[in-house]
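The lines below spell out each chain.
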Amino acid sequence: MSAPFPPMLTVVVDGIKVSFHAHDIDAGETPESYARKIVTPEVIAEVRAMHSARAKKAGKLRRRRTAARVNGMVRDSVMACLKGQAGPRRAAFIERLLRYRISDLRARIEAAFADGMTWDNHGAWHLDHRRPLSSFRINKLACRETRDAWAIDNLQPLWAADNLRKGARWCP
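Below is a short write-up of the structure. (Residues numbered from 1 in each chain as written. Predicted model: local features only at pLDDT ≥ 70, side-chain atom pairs only at ≥ 80, totals over all residues. Heavy atoms only, no water.)

Moving on, we get to the overall build of the protein. For the protein, the count of helices and strands is six helices and four strands. Order of helices (α) and strands (β) in the protein, N terminus to C terminus: β-β-α-α-α-α-β-α-β-α. Each principal axis of the C-alpha distribution contributes one length, and for the protein these read about 85 × 40 × 35 Å. Each of the 172 residues in the protein was classed as buried or not, and the buried ones make up 34%. A total accessible area of about 11500 Å² is found for the protein, and carbon and sulfur atoms account for 55% of it. A distance of 5 Å separates the average location of the 31 positive side-chain charges in the protein from that of its 18 negative side-chain charges. (Helix = DSSP H or I, 4+ residues; strand = E, 2+ residues; numbered from the N terminus. Buried < 20%, exposed > 50% of the residue type's maximum accessible area, 1.4 Å probe, protein only. Areas by Shrake-Rupley, 256 points an atom, 1.4 Å probe, with all protein chains shown as cover. Lys, Arg positive; Asp, Glu negative; His and termini not counted. Charge placed at Lys NZ, Arg CZ, Asp CG, Glu CD.)

If you want it as structure tokens, here you go:
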């Protein structure tokens, strides 16, 4: 049988958690004084910079996840309403949220159909955002950015190949 690992000590110095083995400490030295030798001002600055970068990245990821969740919810609701598959409560909610009637959106899209576009072949064409969703800072469902992203003037029918080729490009 192998020998057990030596006990670990953990000390917090200037907000930085330092862990080390008990046998690393010299005789007569306290864990706190040993930890202070390890945590120099340079180490403190480096750790704080790392934490700041990590916090920025986490914030970006959280915003991206929130925007994706909100856009997915709105997209599913709008498409269900356009296809007549949404119940009255869902349709009323999406109309209140976006501040226009689904019938107005449907008429606007149908008026902009290119030759060969029908509701039956949706999938061969996409409901495109003239200004891409990625250019909006959507952080919750009921906000101005969500309404602007899903405004009637920002939506258009576009053949799938053209929409995929366009990607998230936008020229204001």
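Across six bridges, strand 1 (residues 8-13) lies against strand 2 (residues 16-21) in antiparallel orientation. Its bridge partner being in strand 2, threonine 10 is matched across the sheet by serine 19. (Pairing = 2+ DSSP bridges.)

Take helix 3 (residues 88-98) next. For helix 3, the set of buried residues is Ala91, Ile94, Leu97 and Leu98. Each buried residue of helix 3 lies within a common arc of 130 degrees when the element is viewed along its axis, so the set occupies one face. In helix 3, those exposed residues whose orientation departs by more than 90 degrees from the buried face are Pro88, Arg89 and Arg96. (Arc of directions from axis to C-beta.)

On to the pattern of salt bridges. Enumeration over the complete set of coordinates arrives at eight salt bridges. Between aspartate 148 and arginine 144 there is a salt bridge whose closest N-O contact spans 3.7 Å. One end of the pair, aspartate 148, and the other, arginine 144, are both in helix 5 (residues 144-149), four residues apart, so they sit about a helical turn from each other. Since its relative accessible area comes to 29%, aspartate 148 is described here as partly exposed. Several salt bridges share partner residues, and in doing so they unite Asp26, Glu29 and Lys37 into one network. (Salt bridge = Lys/Arg side-chain N within 4 Å of Asp/Glu carboxyl O.)

Further remarks concern unusual backbone geometry. Residues other than glycine seldom take positive phi values, yet arginine 99 does so here, at roughly 65 degrees. Turning to its location among the elements, arginine 99 is positioned in the loop between helix 3 and helix 4 (102-112). Taking relative accessible area as the criterion, arginine 99 reaches 62% and is therefore assigned exposed.

Ranked by size, the top nonpolar core spans 29 residues in total, and within it Val78, Leu82 and Trp150 carry the most contacts. Those elements giving two or more residues to this core turn out to be helix 2 (41-82), helix 3, helix 4 and strand 3 (125-129). Ranked by the residues each element gives to this core, the list is headed by helix 2, at eight residues. Aside from chain neighbours lying at most four places away, what touches tryptophan 150 is Asn71, Val74, Arg75, Val78, Leu98, Tyr100, His129, Leu133 and Leu155. Val18, Ile25, Ala35 and Val39 belong to the second largest nonpolar core, which has 11 residues in total. (Core = buried A, V, L, I, M, F, W, Y, C linked by side-chain atoms within 4.5 Å. Contact = heavy atoms within 4.5 Å.)

By the secondary structure assignment, arginine 36 is in helix 1 (residues 31-38). In this structure the C-alpha to C-alpha distance between arginine 36 and valine 78, which are 42 residues apart in sequence, comes to 59 Å. Not counting residues up to four positions away in its chain, the partners in contact with arginine 36 are Val13 and Asp14.

So, to be careful, I would describe these as geometric facts and stop short of saying anything about function.
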